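As a plain string of letters, each chain reads:
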Amino acid sequence: MFLGELQQPVNRLKGIGPNHHKSLSALGILTVGQLLSHFPLRYEDHQTKRTILQAAGTEAVNTVMTVVGRDSFYWKGKQTLKLFVEDGSARGTLLCYHRNFLGNKYPDGSQIFLHGHFQYKFGEWSCADFEFEPVSARPDVFGKLLPVYPLGGSLNQNVLRKAVDQALREYTPGLKEELPSSLRDRFSFPDRLSALKAVHIPRNPGEAAESRSYFIYEELFHLQLAVGRNALKERSVIRSGSSGINRELESALRDALPFKLTEDQDKVLDEIAADLETGRPMNRLIQGDVGSGKTLVAFIAALNVIRGGRQAALMAPTELLARQHAESAARLLEPLGLSIAYLSGNTQGEGRRHLLKQLKSGNVDFVIGTHALFSEDVEYRDLGLAVIDEQHRFGVAQRQALAEKGKCVDLLYMTATPIPRTMAMTAFGDLDVSSIKTMPAGRKVIETHLTREGNEEKVYNFVTGELNKGRQAYFVYPLIEQSEKIDLKDAENMYAHLQKVFPGRTLALIHSRIPDDEKKSRMEGFSRGDTDILVATSVVEVGVDVPNATIMVIEHAERFGLSALHQLRGRVGRSDLQSYAFLIYGSKLTDDGKQRLKIMMENSDGFVIAEEDLKLRGPGEIAGVRQSGYMKFRIADMIRDSDVLMQARSDVLAILEADPGLEQEDHRILDELWRAAPPFSETLIRTG
Ligand code: ADP
Ligand code: MG
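This one's a predicted model, so the numbers in the text were calculated from it and none came from an experiment.

(A) Main features of the pairing of strand β21 (residues 549-555). The buried count for β21 comes to seven of seven residues, which makes it a mostly enclosed element. Examined bridge by bridge, strand β18 (residues 472-476) and β21 share five bridges and lie parallel to one another. By the bridge assignment for β21, Y474 is matched with M552. Of the strand pairs in this sheet, β21 and strand β22 (residues 580-585) are connected by five bridges, and their pairing is parallel. By the bridge assignment for β22, I551 is matched with Y580. Crossover β21 to β22 through helix α19 (residues 562-569) is right-handed.

(B) Main features of helix α13 (residues 349-361). The terminal C-alpha atoms of α13, which comprises 13 residues, lie 19 Å apart, in line with the 18 Å expected from a rise of 1.5 Å per residue. Looking at the buried side of α13, the elements it contacts are β11 (311-315), β12 (340-343) and β13 (366-369).

(C) Structural context of helix α5 (residues 157-171). When the terminal C-alpha atoms of α5 are compared, their 21 Å separation across 15 residues agrees well with the 21 Å that a helix rising 1.5 Å per residue should span. In this structure, the buried side of α5 is in contact with α1 (18-26), α2 (32-36), β1 (42-45), β8 (130-134), β9 (145-148) and α7 (192-200). Capping the start of α5, N156 holds a side-chain oxygen 3.0 Å from the backbone nitrogen of N158, two or three residues further along.

(D) Broad picture of the sheet that holds β21. Read from one edge of the open sheet, six strands run β17-β22-β21-β18-β20-β19, paired in parallel fashion. Where the open sheet ends on each side, the last strands, each with one partner, are β17 (447-452) and β19 (507-510). Shown here is a sheet whose adjacent strand axes are inclined to one another by a mean of 15°, direction ignored. Pairing of β18 with strand β20 (residues 533-536) involves four bridges; the strand directions are parallel. Looking across to β20, one finds that A473 is bridged to I533.

(E) Representation of the pattern of salt bridges in the model. Within the structure shown, the criterion is met by 34 salt bridges. A salt bridge links E271 to R284; the nearest nitrogen and oxygen atoms lie 3.6 Å apart. Pair noted here: E271 is in helix α10 (residues 263-277) and R284 is in strand β10 (residues 283-288), with a separation of 13 residues, a long-range link. A relative accessible area of 25% means that E271 is categorised as partly exposed. What makes R284 buried here is its relative accessible area of 8%. Residue R353 is joined to E350 by a salt bridge in which the shortest nitrogen-to-oxygen separation is 3.4 Å. Taken together, the residues span about one helical turn, with R353 and E350 both in helix α13 at a distance of three residues. Across the pair, exposure class does not vary: R353 and E350 are exposed alike.

(F) Layout of unusual backbone geometry. Even without being a glycine, K76 presents a positive backbone phi close to 50°. Its place among the elements puts K76 in the loop between β2 (61-75) and β3 (78-86). You will see that L662, though not glycine, has its phi angle at about 50°, which is positive. Here L662 falls in the buried class, since its relative accessible area comes to 1%.

(G) Representation of the packing of aromatic side chains in the model. Inspection of every chain in the model, using the stated rule, returns 19 aromatic pairs. Residues F130 and F132 carry aromatic rings whose centres are separated by 5.7 Å and whose planes lie at 40° to one another, so their mutual orientation is tilted. Overall, the relative accessible area of 24% leaves F132 in the partly exposed class. Three or more aromatic residues joined by ring pairs make a cluster, and in this case those are F39, F187, F189, Y214, F215, Y217 and F221. Here the basic side chain of R91 rests over the ring of F84, its NZ or CZ set 4.7 Å away from the ring centre. In this structure, R99 is placed above the aromatic ring of F130, and the distance from its NZ or CZ to the ring centre is 4.0 Å.

(H) Geometry of the domain arrangement of the protein. For the protein, the assigned domains read domain 1 (48-143), domain 2 (176-236 + 643-688), domain 3 (262-436) and domain 4 (447-603). Using only C-alpha atoms to locate each centre, domain 3 and domain 4 end up separated by 29 Å. The interface of domain 3 with domain 4 comprises 17 residues on the first partner and 18 residues on the second. Taken together, the two surfaces of domain 3 and domain 4 that pack against each other cover about 1300 Å², and 54% of this comes from carbon and sulfur. Between the two partners, domain 3 and domain 4, sit one salt bridge. Here R323 makes a salt bridge to D516, at a shortest N to O gap of 2.9 Å. A breakdown of the residues in the side of domain 3 that touches domain 4 according to their chemical character gives five nonpolar, six polar and six charged.

Reading the values: rules and limits
Residues numbered from 1 in each chain as written. Chains lettered and ligands numbered in written order. Predicted model: local features only at pLDDT ≥ 70, side-chain atom pairs only at ≥ 80, totals over all residues. Heavy atoms only, no water. Buried < 20%, exposed > 50% of the residue type's maximum accessible area, 1.4 Å probe, protein only. Helix = DSSP H or I, 4+ residues; strand = E, 2+ residues; numbered from the N terminus. Pairing = 2+ DSSP bridges. Right-handed = clockwise from strand over helix to strand, strands pointing away. Expected span 1.5 Å × (residues − 1). Contact = heavy atoms within 4.5 Å. Polar contact = N/O pair within 3.5 Å; in protein donor to acceptor, adjacent residues only side chain to side chain. Axes fitted to C-alpha atoms, helices over the stretch in contact; angles between N-to-C directions. Salt bridge = Lys/Arg side-chain N within 4 Å of Asp/Glu carboxyl O. Phe/Tyr/Trp six-rings, centres within 6.5 Å; stacked < 30°, edge-to-face > 60°. Lys NZ or Arg CZ within 6 Å of the ring centre and 35° of its normal. Domains from an automatic or database assignment. Buried area = accessible area lost by both parts, 1.4 Å probe. Nonpolar A, V, L, I, M, F, W, Y, C, P; charged D, E, K, R; others polar.

See the structure below:
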């Protein structure tokens, strides 16, 4: 029996009534097997002896005490018991709130095991929050390491400890191994059942640590096995016929541009061309900071695929961005004879029917849009290349759905939010990564200023000066409209207010509740330069590209996350003009908010900012990764355990290389496990 095969409902265990049952389901624990895979976060040490004086108010006291007397005091109008205890080092007082019954249970002279925090207050050592047992209950065992589990709902540690204990005793005999014995020998891992017992109820800290490393390795090994097997499957996909790219029009496009591509753009295009020429589908991520020119690279790749006879699709996370991409693609590629279309959820009726027909017949070469691109009714004649812009905004399932619109679709992901290598490997399997590090020539570092709320006037004056030079500005707010709950400036009111501040200027308002057509025409007005100031929410966060806009004012900047701030700031500095960002912050700054603003002041490199972000927020928050369910590890942590991950990966690759079908005696157990109780869902991991 594999652990995952212990399918008995968890409410068969003693102590799990309807409430706890519900709370457990909310944690994803429905079966006994799942309960046993709910690993402790840490352990409480009831084992190391520590007297009141040794603990000295900083650590937990854990020792045998004798009850030496009693008294009472008034608390909230009720008589409340105090017990005096003595542990050989000092005398202490137990404040028995809600526990007057202890008085009868523990006459003077009783001995108890006690665990709790004592504070020195009013001339005595006192403790209100304590756990204890009579020594007579287990006279020879001093204390244990007690597991501390993640909780939820009605659950408490005692309920889980008891349920796990019972499950271990009654359900686990005959538990099967989940790693090949060659690996278990190599790392001297214990057998799985001992490890499982030790991880929940360790006899000592060494045993706890050892069993934890075993499960961490095992979890990462299985993850890598899933990823590795998928990669094998993908690699065995060979295109029928030629991948057929054709670069003959590329130089015409380059000639039409008012600038030269950067060295890194050239390099990435060559990497893409090489991918497209091999027999297996491309799976490549382009990482490049905001403004590094990823879109153009994607357009050129699309051009080459289309000239090779297939279609291309580009998916962006917002309509605003998708529309903008469609417009620049039309400008650049239509003169070369390509047919470009835009598709979003708002493309409806006759227009949509017509477009879908054109896509299916192959009359549209390049379609650009939102997640509507993979709607069920959308069919392609021959989708060759799928580009996913701002990929971290999409979940794995969405990216996959697009890829499934064609056969052997080449995939190109783009992001300005780099993800750590270990995570990329895990979330995407066999992913190739290209970086664009060189920025287009002539770009200047954006001057960033922090301004406290109340000093906006100075900023506004500066903006007037820039507008007078013919530049344009963004003003960004955390809210669309006024909120009763939070006292923050909002886009709608500020739109009215800024009209007074900048008389004679043209302003436009843009946020997610503005109808699509309106949004489009307002955005166009700003792009054309008819509008001087765009007042917005974070809808302009991704992708928006208006090179003549040189000022970004973000009010209540403390309300935005680091990656949003970086993306917003990246809306300016998109030409050789000097650009400015003003981060105006409110008076109620949290430490985190302060830290974020400081990081923004000191850094312009998106990679550095992403790393700082990771440190501040922890890996569980990485967008796209958490969304996809990847962070639901039972015990491993991709950042903390990245060395183990690399080890597991190389062990998996060695096994798959020697025995791709997992047919050897020692590997068969893995194949069996994946059939009977797969540790990871395969669909979560597949990307193409
Ligand atoms: P991102 O990588 O943030 O998606 P974009 O693709 O939006 O960046 O490009 C930012 C701006 O830089 C666009 O206006 C684009 O036309 C311009 N651009 C792209 N490549 C170059 C280059 N090699 N030289 C100068 N400008 C460029
Ligand atoms: Mg972009």
